[in-house]
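# Structure assessment
The lines below spell out each chain.
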Amino acid sequence: MKFVHLLLAIFSFATIFAQNPSVNDSLEIRKIYDMSLLNGKSYDWLEHLSNDIGGRLSGSYEAQQAIEYTKAELEALGLDKVWLQPVMVPKWTRGSREYAYLQTGPGATTELDICALGGSVPTAPTGLKAQVIEVQGIEQLKEYGKENIEGKIVFFNRPMQADLIQTFKAYSGCVDQRYSGAMEASKMGAVGVLVRSMNLRIDDFPHTGSMSYGDLPEREQIPAAAISTQDAEYLSSMLKLNRETQVYLKMNCEQHEDVQSYNVIGEITGSEKPEEIMVVGGHLDSWDLGDGSHDDGAGCVQSMEVLRLFREIGYKPKRTIRVVLFMNEENGLRGGNKYAEVAREKGENHVFALESDAGGFTPRGFNFNSSEAQFEKITSWKSLFEPYLIHLFAKGGGGADIGPLGNSGNIVLAGLMPDSQRYFDYHHAANDTFEAVNKRELELGAATMASLMYLVDQYGLD
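Keep in mind that this is a model prediction, so the values were computed, not measured. (Residues numbered from 1 in each chain as written. Predicted model: local features only at pLDDT ≥ 70, side-chain atom pairs only at ≥ 80, totals over all residues. Heavy atoms only, no water.)

On to the nonpolar core, then. Across soluble globular proteins, nonpolar side chains have a tendency to be buried as a group. Core analysis: the largest hydrophobic core is formed by 67 residues, its most contacted members being Phe310 and Phe352. Ranked by the residues each element gives to this core, the list is headed by helix α16 (residues 439-459), at ten residues. Sequence-distant contacts of phenylalanine 310, defined by excluding residues within four places in its chain, comprise Ile32, Ile268, Tyr315, Ile321, Ala450, Met453 and Tyr454. (Core = buried A, V, L, I, M, F, W, Y, C linked by side-chain atoms within 4.5 Å. Buried < 20%, exposed > 50% of the residue type's maximum accessible area, 1.4 Å probe, protein only. Helix = DSSP H or I, 4+ residues; strand = E, 2+ residues; numbered from the N terminus. Contact = heavy atoms within 4.5 Å.)

Printed below as a string of structure tokens:
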């Protein structure tokens, strides 16, 4: 009789289990987290990318090393297919270290921490020395007028808004002065620009980043550099004491012809719907000041780890899952554009894309670019993430590299959303190094991405 009761109990449990997929899903997700935290590979991959290769500026020797390394590691996972996708990318080099000083008196100078912005032209071989005028943003240039700007170095000193909890909103609120400041200042007759670093912290690290001259002719392009927040505060205080303050800049950067590079791609072919493609990825290039561990080595190794985790737990995806390590996000987005272009040419059906490009910090949730119906379905999965304290599901954009995929079809774009409070302490700066990444936080992010990919694969987003 006891045996019969035992059989009935087993049958009853199996029936409940089959009728309630969330039970099975929670167990599968638990396996993913266990594998990532107990037997993860992402941290080891990141250590090699960061310490053995280093900063991977688009078109550089280090970028090519990273391509070869990640391709070999994906091949070692035994994926169904691994390949390189050719893409022409810009090549800009920093040259020897930039130098700047503030003239504080006759024969008296104070050195300033600066770095050239990516894409900037150099100064003359003898450098550039001029009076500085401080503005709080591009819009203030017109208030001063050309007569007050001409012949001067424009100092853009609008800080990131510290009272915004969403630090990416603070970043977007002032990054225009970095990207377009030189172009607009040149139109007013300026001879150079200094831009306050995109950093909420006051420190000595200048933060680089991309900038553009738009359609300005070469003769009108002026040198552009970032200045550390510490020295931005110092320079501002000196200008209040003496409006005639001068700064000397020496920059040795150079723009070269475009060069051949590659996106690195690997995939597991879907067992039921191979024609439906799901992408997970990050960008393999980085700026050259640090080693690009948070931006975006973390996103690359987390994306690689998604496919490895599926292999390790024996999960066979219904849809084709493809990892893409994009080249040239930082100063051109050529990799993302090329991938989308080839996908359109081949008539590929991409249904979902997830990018990690916000650092390797503790995951908090995801942003989604989707319809309301799709978002409602996605949010029904929130309870599966709550045991891991990950429950922020919000409407918003995905990553820059997957953005071009959104121009066609009914694809859902998503971005991993880690805690962002410390991200801009490291973003595009020399302290973005392997030591700044916490192993456990990185592994939690990889497991979180794999869990979302698993759920989308299981249930689709129709």
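So much for the structure itself; the text now carries on.
In this section: helix α12 (residues 334-346). Its 13 residues give α12 an end-to-end C-alpha distance of 18 Å, which sits within 8% of 18 Å, the value for a rise of 1.5 Å per residue. Looking at α12, one finds that the buried residues are Gly335, Gly336, Tyr339, Ala340, Val342 and Ala343. For α12, the angular spread of buried residues about the axis comes to 160°, placing them on one side. The secondary structure elements touched by the buried residues of α12 are β1 (81-93), β10 (254-268), β11 (273-283), β12 (319-326) and β13 (349-355). Following α12 by one or two positions, glycine 347 adopts a phi angle in the positive range, close to 65°. (Expected span 1.5 Å × (residues − 1). Arc of directions from axis to C-beta.)

With that settled, the discussion passes to a negative patch on the surface. Together, Asp44, Glu47, Asp52 and Glu435 give the surface a local cluster of negative charge. Tracing the sequence through the fold places aspartate 44 in helix α3 (residues 42-53). (Patch = residues over 30% accessible without salt bridge, like charges linked within 9 Å, V, L, I, M, F, W, Y side chains within 5 Å. Areas by Shrake-Rupley, 256 points an atom, 1.4 Å probe, with all protein chains shown as cover. Salt bridge = Lys/Arg side-chain N within 4 Å of Asp/Glu carboxyl O. Lys, Arg positive; Asp, Glu negative; His and termini not counted. Charge placed at Lys NZ, Arg CZ, Asp CG, Glu CD.)

Take the pattern of salt bridges next. The final tally for this structure, using the stated rule, is 25 salt bridges. When the shortest N-O distance is used, the salt bridge between arginine 334 and aspartate 258 registers 3.2 Å. Note that arginine 334 is positioned in helix α12 and aspartate 258 in strand β10, a separation of 76 residues in sequence. Close ionic contact of glutamate 341 with lysine 338 constitutes a salt bridge, the shortest N to O distance being 3.4 Å. With a gap of three residues between them, glutamate 341 and lysine 338 both fall in helix α12, about one helical turn apart. Judged by relative accessible area, which is 25%, lysine 338 ranks as partly exposed. Linked through salt bridges whose partners overlap, the residues forming this network are Arg94, Glu98 and Asp288.

One can find aspartate 357 in the loop between β13 and β14 (363-369). Despite its burial, aspartate 357 pairs with no opposite charge, the nearest such side chain being arginine 56 at 9.4 Å. A polar side-chain atom of aspartate 357 sits 3.1 Å from a polar atom in the side chain of histidine 283. Residues within four places of aspartate 357 in sequence aside, it is in contact with His283, Asp295, Asp296, Glu329 and Tyr423. (Polar contact = N/O pair within 3.5 Å; in protein donor to acceptor, adjacent residues only side chain to side chain.)

Our next topic: the sheet that holds β14. Whenever strands of a sheet pair, they do so through backbone hydrogen bonds, lying parallel or antiparallel. One open sheet accounts for eight strands, arranged β1-β10-β12-β11-β13-β16-β14-β15; its pairing is mixed. Two strands lie at the open edges of the sheet, namely β1 and β15 (392-395), each paired on one side alone. With strand direction ignored, the average angle separating the axes of adjacent strands in the sheet is 20°. In terms of strand pairing, β14 meets strand β16 (residues 412-418) through six bridges, oriented antiparallel. In the sheet register, asparagine 369 faces β16, and the bridge partner there is leucine 413. (Pairing = 2+ DSSP bridges. Axes fitted to C-alpha atoms, helices over the stretch in contact; angles between N-to-C directions.)

Here α3 crosses α16 at 115°, and the two axes come no closer than 9 Å. Taken together, the residues of α16 that come into contact with α3 (itself represented by Ser42, Tyr43 and Leu46) are Lys439, Leu442 and Glu443. Considering only residue class, the contact of α3 with α16 consists of three nonpolar, one polar and two charged. (Nonpolar A, V, L, I, M, F, W, Y, C, P; charged D, E, K, R; others polar.)

Take the pairing of strand β3 (residues 108-111) next. Where strand β2 (residues 99-105) and β3 come together, four bridges link them in antiparallel fashion. In the sheet register, tyrosine 101 faces β3, and the bridge partner there is glutamate 111. Hairpin connection, β2 to β3: the antiparallel pair is bridged by two residues, and glycine 107 has positive phi, about 75°.

What follows deals with the sheet that holds β3. With mixed pairing, eight strands are arranged side by side in an open sheet as β3-β2-β9-β5-β6-β7-β8-β4. The open sheet terminates on both sides in strands that have one partner only, identified here as β3 and β4 (114-116). Neighbour-to-neighbour, the strand axes of the sheet open up by a mean angle of 35°, direction not taken into account.

By the definition in use, this model includes 22 aromatic pairs. Here the aromatic cluster, defined as three or more aromatic residues joined through ring pairs, consists of Phe168, Tyr171, Phe361, Tyr423, Phe424 and Tyr426. Above the face of the tryptophan 83 ring, lysine 81 is positioned so that its terminal group lies 4.5 Å from the ring centre. The ring of phenylalanine 375 carries the charged tip of lysine 395 above its face, separated from the ring centre by 5.6 Å. (Phe/Tyr/Trp six-rings, centres within 6.5 Å; stacked < 30°, edge-to-face > 60°. Lys NZ or Arg CZ within 6 Å of the ring centre and 35° of its normal.)

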